[in-house]
Amino acid sequence: MDAKKETAAGMESVAQAERPNLLSSPPASKKQRQGGNNQPERESGVVKGKASVRKKRHPALRALLWTLRKSIVPILCVLALLGGMYAGYAVLGHRPGEEVFDLATWKHMYDLVFAD
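Residues numbered from 1 in each chain as written. Predicted model: local features only at pLDDT ≥ 70, side-chain atom pairs only at ≥ 80, totals over all residues. Heavy atoms only, no water.

1. Quick notes on unusual backbone geometry
Of note, histidine 94 is a non-glycine position whose phi angle comes to about 55 degrees, a positive value. Considering the arrangement of structural elements, one finds histidine 94 in the loop between α3 (59-92) and α4 (103-113). (Helix = DSSP H or I, 4+ residues; strand = E, 2+ residues; numbered from the N terminus.)

2. Digging into a nonpolar patch on the surface
On the surface, a nonpolar cluster with roughly 1100 Å² of combined accessible area is contributed by Ile72, Val73, Ile75, Leu76, Val78, Leu79, Leu82, Tyr86, Val91, Leu92 and Phe101. Looking at the element boundaries, tyrosine 86 is found in helix α3. Looking at tyrosine 86, the relative accessible area reads 39%, which means it is partly exposed. (Patch = residues over 30% accessible without salt bridge, like charges linked within 9 Å, V, L, I, M, F, W, Y side chains within 5 Å. Areas by Shrake-Rupley, 256 points an atom, 1.4 Å probe, with all protein chains shown as cover. Salt bridge = Lys/Arg side-chain N within 4 Å of Asp/Glu carboxyl O. Buried < 20%, exposed > 50% of the residue type's maximum accessible area, 1.4 Å probe, protein only.)

3. A word on the packing of aromatic side chains
A complete count under the given rule lists two aromatic pairs for this structure. With a centroid separation of 6.4 Å and an interplanar angle of 45 degrees, the aromatic rings of tyrosine 89 and tryptophan 106 are classed as tilted. Taken as a pair, tyrosine 89 in helix α3 and tryptophan 106 in helix α4 lie far apart in primary sequence, 17 residues in all. Look at tyrosine 110 and phenylalanine 114: their rings are 4.7 Å apart centre to centre, the planes differ by 45 degrees, and that puts the pair in the tilted class. Tyrosine 110 gets classed as exposed once you look at its relative accessible area, which sits at 52%. (Phe/Tyr/Trp six-rings, centres within 6.5 Å; stacked < 30°, edge-to-face > 60°.)

Just distances and angles here, no functional claims.
In structure tokens, the structure reads:
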């Protein structure tokens, strides 16, 4: 039996006109070899032969988005701190909730904890 070689070095049984096409085309996927979908696979970023172009945003919007991305963790930490203060003082301590945000309350607690 005469088997055809698929390498560039062993292309004796392939016609001279077919050689450039064989060397430049990528190998067929499993679906194409089995007679499945004959449409070419799309590469990422390419839609219908056109490269996807990303629209540039306004510099002020880009700066705002960058700032929000970098500051989301500290903002969430501050919100968790405020929520924890409220839950500990008002819910667990059975005190009025508006006293949580009074500075005198926290000065009094500091003096209780660090008193001599």
